[in-house]
Amino acid sequence: MKEWFSAQELADLKLPALPTTKMGLLKKSAKENWKNRPRVGFGGGKEYHISSLPEIARIQLAVMTATPAIKK
């Protein structure tokens, strides 16, 4: 599972307990001092670690990215 996300990626996912705009996420991440790193590649900026997200957002993200079980 992916561990680092840009503010825009998180906004686009519309996770519970998170703002749905890039600006809102940037403000929340700064206020709460989220773990971050410089974003490599196009656009620059920062990426935020999944461990900084509220628990409900992490759970929803895990559900959204889980591979469905194959029925036999």
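Just so you know, these numbers come straight off a predicted model, no measurement behind them. (Residues numbered from 1 in each chain as written. Predicted model: local features only at pLDDT ≥ 70, side-chain atom pairs only at ≥ 80, totals over all residues. Heavy atoms only, no water.)

A.B. asks: Is there a simple way to think about unusual backbone geometry in this case?
C.D. replies: Residues apart from glycine generally show negative phi values, whereas peptide bonds are mostly found in trans. Positioned with a positive phi, Lys-14 is a non-glycine residue whose angle comes to about 50°. Checked against the element boundaries, Lys-14 lands in the loop between helix H1 (7-13) and helix H2 (22-31). The exposure class assigned to Lys-14 is exposed, which follows from its relative accessible area of 58%. (Helix = DSSP H or I, 4+ residues; strand = E, 2+ residues; numbered from the N terminus. Buried < 20%, exposed > 50% of the residue type's maximum accessible area, 1.4 Å probe, protein only.)

A.B. asks: Would you mind going over the side chain of Ser-6 with me for this structure?
C.D. replies: The residue Ser-6 is located in strand S1 (residues 4-6) in this model. Since its relative accessible area comes to 5%, Ser-6 is described here as buried. Each residue touching Ser-6, except ones within four places of it in the same chain, is listed here: Arg-39, Lys-46 and Glu-47. (Contact = heavy atoms within 4.5 Å.)

A.B. asks: Mind showing me how you'd approach H2 here?
C.D. replies: What sets the pattern is the α-helix's 3.6 residues per turn: residues three or four places apart point alike. Along H2, the residues classified as buried are Gly-24, Leu-25, Lys-28 and Ser-29. Taken down its axis, H2 places every buried residue within 130° of arc, on the same side. For H2, exposure combined with an orientation more than 90 degrees from the buried face picks out Met-23, Lys-27, Ala-30 and Lys-31. If you follow the buried residues of H2, they end up packed against H1 and strand S3 (46-49). Phi for Asn-33, located one or two positions after H2, is positive at around 55°. (Arc of directions from axis to C-beta.)

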